[in-house]
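Listed below, chain by chain, are the residues.
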Amino acid sequence: MLGSSAAAAVKDDPVDEESDDARVTRLRLVRAMMWAALGLIMTFRLLAALEQGLAWAVVLVTMAPYPPLVALLAGRHRRQVRNGLLVALVVLYAVPFAVAGTQWEWLPWPLAVAVLCCFRGKVAWPLFGLILVATGVAGLWAGDDALTAIIRTLKTATNGLIVFGLYALAVMAARLDAARGDLARLELLRERRRLGGELGSVVGAHLRAVSERLAQAVDAEPDIARDRLHVAVGTARQALADIRATAAGYRASPPLPPPIESPKVARLMLAALIACQASLHSVISVVTYHRPWTLLLTVPLMGAAGAIQLLMKPSRKQMILLGLLLGVPAIPFGYLLWELVFLTCLWPFFLGLVLTRMRPPRSLVITGVTVALYISLLFYPPPASNLAGMAANLISMAILTWVSYGLIRLSNLVVLLHQAERDLAREALIQERTRVARDLHDLLSFSLSAVALKGELCERLLDVDPVRARAELAALPELVERARAELESVAHATVGLRLDQELATAHAVLEAAGIRVVTTVEPGPLPPEVDTAVAAALREAVTNVVRHSTARTCTITIVSLSHTVRLRVVNDGAAEAPPSAPQPGPGGSGLTGLAERTAGRLTAGSHMGGRFELVAEFTTDRHQHLPQPAGEIPG
């Protein structure tokens, strides 16, 4: 199941479609899955010791390494504390040998768990391998035959991998949840750098060319100045067209990322556990029945089951194939060739898949039937095992079932957290691209329109009023520099408008377009955010007047009321029934998007006599929000 992309597993998982609160609750239970597996292993070892007939005092001594192991897994410690716990674990593991010698089922799995969970991979895995080799060698030195030494080694590896697999996934899930949003911030910085470079090459080159042509025209002869002005105006118009095309492209969503693979640690742990279990029970079957030739039948069946579990795409077909491959040979054919019963060692992996992929009560019914069949095998052939041995076998099955279920569920949770991180990052990119597109429309389009209009005005005035033409021409480089500064602010998300500057620019743009301006401004100092909002609304309104009307006069009024600032812009030359502007989406450009972004209230519409009126109101009380009127007509 974990060998292919986990996207399908997450999508088809009936429990993974849940709210954020449920996700947080599951995250809190992640480590509980590891503690449950650890508790089951400790219980299993206790029952194994009792089955050997050890005295209770000796049994308790053999469990002495467990407290420091629990302390190591409980949380992150300083190096000195961690090293102290490791030393205590090693010392306490050696104590039972002084009490009971080697007459107990000594398995150094606590040491294996400790090195895997406390050290980095380059150190941990060689130490883990060294512990396994030492386990086999020590077993031979203590009198084990070769197969018994192999069994002891495989049991040590299995227990170590069980706890480590769940521990590693729990830590991974916790870190992903704690780092929620980090990827989005990183991707946002990268996108800003990319967009900054792109805007600099596309728009910045035009602005530099405009600035150079204007500098050449300031002191040039009238004919040369006219030619330079004409080129500068054409370049400004081209830059304006490029800005609109670029802004439209930025509103397109970035492509979807490829599906996320299951965490490698989950796939490797599940594969290692299946391999350990298959190898362990194959050796036990040879030790018990002394018929090695039966491995020619059981090993291929176990290998095929592992391939189905690890490589097939998660589906109902996978569960059915795995159930038939592991179930039918064991019962009833296991009664004909008893070695086939050892296929039950892989039943827990089938049950883990069932519990993950199916909802209760069906999953519980299948689990109950499987456990009942497994118990029936404990009573046949007679004589039946003692109660402690039967309980140990059932707990072993419960451990592996829980681990299989935990690895799959935690793997899915890690995939979900990864997906949430990528969704946050993609949403941040979409919002950033939308912001840049909006600011290009609201800021640079206006500034470049001002440059183009004033340049055209200078061209007309060169013949009729050279003095005024030179004065207007001298003011153009300042507008271009302002546009370049605004381009930089758009790329770095440091956009800020000032009402006094916008009023001066609005006068210049409207007059350059041949529109007479009447201004009434009454408010005193405004809060910075309100000042910026009014300036943005004014810029948008003036842009609409210049682009969408044949106005001859425009009246701009800004007054302060009770906790409210009102901007009113009225112009003539509007059509009697102008078509409504297209409605932008959330955070878009235009008046509707401006109202959404500034928490203001805007109304705009045509009136008798070809007048068009825009009224924008913004509260100076940050705790107050002005609702949008029902009958708004977008401007």
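Treat the numbers as computed from the prediction; the structure is a model and nothing was measured.

1. A closer look at the overall build of the chain
- A count of helices and strands for the chain gives 20 helices and 5 strands.
- When burial is assessed residue by residue, the chain has 49% of its 635 residues classed as buried.
- Considering only residue pairs separated by 6 or more positions, the chain has 76% of its internal contacts joining residues 24 or more positions apart.
- Here the chain displays about 29500 Å² of accessible surface, and carbon together with sulfur accounts for 63% of that area.

2. Some details on the sheet that holds strand β2 (residues 553-561)
- Pairing is mixed in the open sheet, where 5 strands are placed in the order β1-β2-β3-β5-β4. A single partner strand is all that each edge strand has here, and the edge strands are β1 (516-521) and β4 (601-607). Direction aside, the axes of adjacent strands within the sheet are offset by 10° on average.
- Direction of pairing for β1 relative to β2: parallel, over a ladder of 6 bridges. What sits directly across from Thr-520, in β2, is Thr-557.
- Most of the contacts of helix α19 (residues 528-548) go to strand β3 (residues 564-571), to which it runs at about 10°, and overall it touches β2, β3 and β5 (611-619).

3. Re the packing of aromatic side chains
- Tallied over the full model, the rule gives 10 aromatic pairs.
- Between Tyr-289 and Phe-342 the ring centres are 6.4 Å apart and the planes differ by 80°, which places this aromatic pair in the edge-to-face class. Of the two residues, Tyr-289 is situated in helix α11 (residues 264-289) and Phe-342 in the loop between α13 (316-330) and α14 (347-357); the sequence distance between them amounts to 53 residues.
- Relative to Trp-338, the ring of Tyr-335 lies with its centre 6.1 Å away and its plane at 50°, an arrangement referred to as tilted.
- Relative accessible area serves as the criterion here: at 35%, Tyr-335 is assigned to the partly exposed category.
- Taken together, Tyr-93, Phe-97, Trp-104 and Trp-106 form an aromatic cluster joined through their ring pairs.

4. So, the packing of helix α4 (residues 66-74) against helix α5 (residues 79-100)
- Interhelical geometry of α4 versus α5 gives an angle of 155° and a closest axis separation of 8 Å. When the axis of α4 is compared with that of α5, the two are roughly antiparallel. When the axes of α4 and α5 are compared, the crossing they make is left-handed. Of the residues in α5, those touching α4 at Pro-68, Leu-69, Ala-71 and Leu-72 are Arg-82, Leu-85, Leu-86, Ala-88, Leu-89 and Leu-92.
- Taken together, the residues that form the contact of α4 with α5 break down as 9 nonpolar, no polar and 1 charged.

5. A few points about the nonpolar core
- Within the largest apolar cluster, 97 residues are counted, with the highest numbers of intra-cluster contacts made by Leu-73 and Trp-109.
- Ignoring any residue separated from it by four or fewer positions in sequence, one finds Leu-73 in contact with Arg-31, Met-34, Trp-35, Leu-38, Val-113, Cys-117, Val-163 and Tyr-167.
- Counting residues in hydrophobic clusters, the runner-up holds 75 residues, among them Val-436, Val-451, Ala-536 and Leu-567.

6. Let's talk about the side chain of Arg-152
- Along the chain, the position of Arg-152 falls in helix α8 (residues 146-178).
- Non-local contacts of Arg-152, meaning those with residues more than four positions away in its chain, are made with Trp-104, Glu-105, Trp-106, Leu-107, Thr-135, Gly-139 and Asp-144.

7. Description of the pattern of salt bridges
- Counted by the stated rule, this structure contains 14 salt bridges.
- Residue Arg-226 pairs with Asp-463 through a salt bridge whose shortest N-O separation is 2.4 Å. In this pair, Arg-226 sits in helix α10 (residues 222-250) while Asp-463 sits in helix α16 (residues 387-464), placing the two residues 237 residues apart along the sequence.
- Take Asp-463: its relative accessible area is 59%, and that puts it in the exposed class.

Reading guide: rules and limits
- Residues numbered from 1 in each chain as written.
- Predicted model: local features only at pLDDT ≥ 70, side-chain atom pairs only at ≥ 80, totals over all residues.
- Heavy atoms only, no water.
- Helix = DSSP H or I, 4+ residues; strand = E, 2+ residues; numbered from the N terminus.
- Buried < 20%, exposed > 50% of the residue type's maximum accessible area, 1.4 Å probe, protein only.
- Contact = heavy atoms within 4.5 Å.
- Areas by Shrake-Rupley, 256 points an atom, 1.4 Å probe, with all protein chains shown as cover.
- Pairing = 2+ DSSP bridges.
- Axes fitted to C-alpha atoms, helices over the stretch in contact; angles between N-to-C directions.
- Phe/Tyr/Trp six-rings, centres within 6.5 Å; stacked < 30°, edge-to-face > 60°.
- Parallel < 35°, antiparallel > 145°, perpendicular 65-115°, else oblique.
- Left-handed = near helix turned anticlockwise from the far one by under 90°.
- Nonpolar A, V, L, I, M, F, W, Y, C, P; charged D, E, K, R; others polar.
- Core = buried A, V, L, I, M, F, W, Y, C linked by side-chain atoms within 4.5 Å.
- Salt bridge = Lys/Arg side-chain N within 4 Å of Asp/Glu carboxyl O.

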